[in-house]
Amino acid sequence: MAGPSTTSDEILRCARSLLIEGGYNGFSYADIAKVVGIRNASIHHHFPSKSDLVRTLIARYREEAEAGLAHLERQFTNPADRLRAYVSYWQACIADASAPFCVCALLASQIPVLPEEVILEVRAHFRTLSAWLSSVLESGARQGSLHFTGTAKAEAEAFMASVHGAMLSARAYGDAKMFGVITHPLLERLATRH
């Protein structure tokens, strides 16, 4: 059970929203202060620098993502169902605009301008997601519910890139349905014997 929201939680929630809207350089402490209703100095008290704030935000995001993946592991015994549930989660988030983009995918596109400590967190997220997808794909291949050529690692990277690309396309077209247009054939291909 979650406790009451703290000022740092409110700052992180606001920063996440602003980050998804405009990227790393698309917001300032002044923007957060205005939304949260505090002074810039209060933000600096919790997060001395923007890189501290975003690194903390990404670390928390990674924890949430890892908990979500663990939940899928517990909830679905069939690996194909795990992949469908993962895609369905993002499809729902994009459709209702609650999380229209993976924060780490967004930041990965901005790596040339990010501080090193943020880059490390983003890369860690990609490694964790890739390892989980590889594990699901390997398990599905063993059980006969997933079919692909090549290695599970390569398929995991392609799957991750397709899901992130589908997020980008949905945003570019301004059409949440575009995500499913791209990801549903991907899921069908993996579930079909070659």
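Residues numbered from 1 in each chain as written. Predicted model: local features only at pLDDT ≥ 70, side-chain atom pairs only at ≥ 80, totals over all residues. Heavy atoms only, no water.

A short note on the UniProt feature "domain: HTH tetR-type" (unreviewed entry) in the protein chain
Part 1 of the reasoning: With numbering matched to this structure, UniProt assigns "domain: HTH tetR-type" (unreviewed entry) to residues 5-65.
Part 2 of the reasoning: Helix makes up 77% of residues 5-65 and strand 0%, whereas the separation of the span's terminal C-alpha atoms amounts to 20 Å. (UniProt positions renumbered as here; feature names shortened; annotations may be inferred. Helix = DSSP H or I, 4+ residues; strand = E, 2+ residues; numbered from the N terminus.)

Some points on the UniProt feature "DNA-binding region" (unreviewed entry) in the protein chain
Part 1 of the reasoning: As recorded in UniProt, the feature "DNA-binding region" (unreviewed entry) lies at residues 28-47.
Part 2 of the reasoning: Along residues 28-47 one finds 75% helix and 0% strand; the C-alpha atoms at either end are 12 Å apart.

Re the packing of aromatic side chains
Part 1 of the reasoning: Considering all chains together, one arrives at two aromatic pairs under this definition.
Part 2 of the reasoning: An angle of 50° between the planes, with centres 5.8 Å apart, marks the rings of Tyr86 and Trp132 as tilted. One end of the pair, Tyr86, is in helix H5 (residues 79-95); the other, Trp132, is in helix H7 (residues 116-143), and 46 residues separate them in sequence. Note on accessibility: Tyr86 and Trp132 belong to one class, buried.
Part 3 of the reasoning: With a centroid separation of 5.2 Å and an interplanar angle of 75°, the aromatic rings of Tyr89 and Trp90 are classed as edge-to-face. (Phe/Tyr/Trp six-rings, centres within 6.5 Å; stacked < 30°, edge-to-face > 60°. Buried < 20%, exposed > 50% of the residue type's maximum accessible area, 1.4 Å probe, protein only.)

Remarks on the state of the cysteines
Part 1 of the reasoning: All told, the structure shown has zero disulfides when counted by the stated rule.
Part 2 of the reasoning: Here Cys14 is not disulfide-linked; the sulfur of Cys104 is the nearest cysteine sulfur, at 18 Å. (Disulfide = S-S within 2.5 Å.)

A look at the packing of H7 against helix H8 (residues 152-173)
Part 1 of the reasoning: For the pair H7 and H8, interaxial distance at closest approach is 8 Å and the crossing angle is 120°. Considering their axes alone, H7 and H8 lie oblique with respect to each other. When you trace H7 past H8, the crossing you get is right-handed. On H8, the residues that touch Phe126, Leu129, Ser130, Leu133, Ser134, Leu137 and Glu138 of H7 are Ala152, Lys153, Glu155, Ala156, Glu157, Phe159, Met160 and His164.
Part 2 of the reasoning: Residues of the contact of H7 with H8, tallied by class, amount to eight nonpolar, three polar and four charged. (Axes fitted to C-alpha atoms, helices over the stretch in contact; angles between N-to-C directions. Parallel < 35°, antiparallel > 145°, perpendicular 65-115°, else oblique. Left-handed = near helix turned anticlockwise from the far one by under 90°. Contact = heavy atoms within 4.5 Å. Nonpolar A, V, L, I, M, F, W, Y, C, P; charged D, E, K, R; others polar.)

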